[in-house]
Amino acid sequence: HGQAGDPNNDIILRVRTTETNDNGLPQMEAADILDTELQHVAATYDGTMVRIYHNGVEVAADTLAGTLDNWNDGYFLMLGAEANGSRTWVGYLHEVAIYDRDLSVFP
């Protein structure tokens, strides 16, 4: 996840696949949803669709072209800022969880 927009209230998600570039572009965006309150943001991938949820509500969904066959264990998982220090994350990450399976849809 990352932030974009002015004033950094968009969520962006980049997933590197065999059909994206090495920086995961094109990216997925959920516009104008972040604010200064504690929030829950989740992204899921079921093998076909990527979805972004904000406080339990789906705010973006799209098919993910390609596969994860080009996964590189030497790459870092980036949350917030870019590895080179650009695109500074404005705020804090409070709990991060990664699961190896798609989670059920929020109630």
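The structure under discussion appears in the preceding block.
Residues numbered from 1 in each chain as written. Predicted model: local features only at pLDDT ≥ 70, side-chain atom pairs only at ≥ 80, totals over all residues. Heavy atoms only, no water.

A separate point is the pairing of strand β5 (residues 49-54). Among the six residues that make up β5, five are buried, leaving the element largely enclosed by the rest of the structure. Pairing between strand β4 (residues 41-45) and β5: five bridges, direction antiparallel. If you follow tyrosine 45 over to β5, its bridge partner there is valine 50. Following β4, the chain reverses through three residues before pairing antiparallel with β5; glycine 47 in that reversal takes a positive phi of roughly 100°. Bridge analysis of β5 against strand β6 (residues 57-63) gives six bridges, and the strand direction is antiparallel. When the sheet's bridge partners are listed, isoleucine 52 is paired in β6 with alanine 60. What sits between the antiparallel neighbours β5 and β6 is a turn of two residues, in which asparagine 55 has the positive phi angle 50°. (Buried < 20%, exposed > 50% of the residue type's maximum accessible area, 1.4 Å probe, protein only. Helix = DSSP H or I, 4+ residues; strand = E, 2+ residues; numbered from the N terminus. Pairing = 2+ DSSP bridges.)

With that settled, consider unusual backbone geometry. For the bond from leucine 25 to proline 26, the omega torsion is 10°, close enough to zero to count as cis. Structurally, the position occupied by proline 26 is in the loop between β2 (10-13) and β3 (28-30). Despite not being glycine, aspartate 32 shows a phi value in the positive range, around 55°. On the secondary structure map, aspartate 32 appears in the loop between β3 and β4.

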